[in-house]
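Report on the structure
Spelled out, the chains give:
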Amino acid sequence: MRLVVDANILVSELIRKRGRDLIVHPELELYMAQMAWEETCHELDKRVERMVQKGVFSQEIGQNLLTEAIALAEIKVAVVPHEVYASYETVARLRIPRDPNDWFTVALALVLSAGIWTNDGDFLGCGLPTWTTETLISHLSSL
């Protein structure tokens, strides 16, 4: 199953065991727009740092988790350069009017004829299949 991953998914799922298990699922072929990847790295770092500050885990464990999460994503998620989907910007922005700043995820899905893995309702109705984490888990468990 070919899916374009929204940044919110990697930020939330790379720090969860269930998410890491899902990301490595053999049925998934995952892609991400370069702009989304940059956002993911920035937000993931912030999230782990907040968890360290709240005492969820130590600085060392947090840094190890961050390093391992990024390494996993680099192995399992193909980051696609901006030039590949840039020409789809106008049509993609029209398909996601509630949050046109996420146009690059829609554009890449159009280029790849892929669905979108997201928990962001702004993608609903964009004319492409959208998968939440829960529906994806349910689907893959039935295979």
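Residues numbered from 1 in each chain as written. Predicted model: local features only at pLDDT ≥ 70, side-chain atom pairs only at ≥ 80, totals over all residues. Heavy atoms only, no water.

Topologically, Asp-120 is positioned in the loop between β4 (115-117) and β5 (130-131). Arg-98 is the oppositely charged side chain nearest to the buried, salt-bridge-free Asp-120, at an N-O distance of 5.8 Å. If we skip the residues at most four places from it in the chain, Asp-120 touches Asp-6, Asn-8, Asp-99 and Asp-102. (Helix = DSSP H or I, 4+ residues; strand = E, 2+ residues; numbered from the N terminus. Buried < 20%, exposed > 50% of the residue type's maximum accessible area, 1.4 Å probe, protein only. Lys, Arg positive; Asp, Glu negative; His and termini not counted. Salt bridge = Lys/Arg side-chain N within 4 Å of Asp/Glu carboxyl O. Contact = heavy atoms within 4.5 Å.)

Turning our attention to the nonpolar core. Judged by nonpolar contacts, the single largest core of 48 residues is most densely connected at Leu-10 and Trp-117. Ranked by residues supplied to this core, first place goes to helix α7 (residues 103-112) with 8 residues. Residues contacting Leu-10, with those up to four places away along its chain left out, are Val-5, Ile-23, Met-32, Trp-37, Thr-40, Leu-44, Ala-73 and Val-77. (Core = buried A, V, L, I, M, F, W, Y, C linked by side-chain atoms within 4.5 Å.)

Quick look at the sheet that holds β4 now. If you walk across this open sheet you meet the 5 strands as β3-β2-β1-β4-β5, and the pairing is parallel. Because the sheet does not close on itself, it has two edges, and the strands there are β3 (77-80) and β5. Note that strand β1 (residues 2-5) and strand β2 (residues 29-33) share 3 bridges and pair parallel. Bridging across to β2, Leu-3 finds its partner in Leu-30. (Pairing = 2+ DSSP bridges.)

The next point concerns the packing of aromatic side chains. Evaluated as defined, the whole model comprises 2 aromatic pairs. Here the aromatic rings of Trp-103 and Phe-104 are separated by 6.0 Å at their centres, their planes lie at 75°, and the arrangement is edge-to-face. For the pair Trp-103 and Phe-104, one class covers both residues: buried. What links up through ring pairs into an aromatic cluster is the set Tyr-85, Trp-103 and Phe-104. (Phe/Tyr/Trp six-rings, centres within 6.5 Å; stacked < 30°, edge-to-face > 60°.)

Glancing now at the pattern of salt bridges. Working definition: two side chains of opposite charge can pair if their charged atoms are close together. Tallying each qualifying case throughout the model produces 8 salt bridges. For Glu-134, the salt bridge identified is with Arg-18, shortest N-O distance 3.6 Å. Of the two residues, Glu-134 is situated in helix α8 (residues 133-141) and Arg-18 in helix α2 (residues 17-23); the sequence distance between them amounts to 116 residues. One network of salt bridges, with partners in common, ties together Glu-13, Arg-16, Arg-18 and Glu-134.

What follows is about the pairing of β2. By the criterion of burial, β2 is predominantly enclosed, with 4 of the 5 residues buried. For β2 and β3, the ladder comprises 4 bridges, and the chain directions are parallel. Among the inter-strand pairings, Met-32 is bridged to a residue of β3, identified as Val-79.

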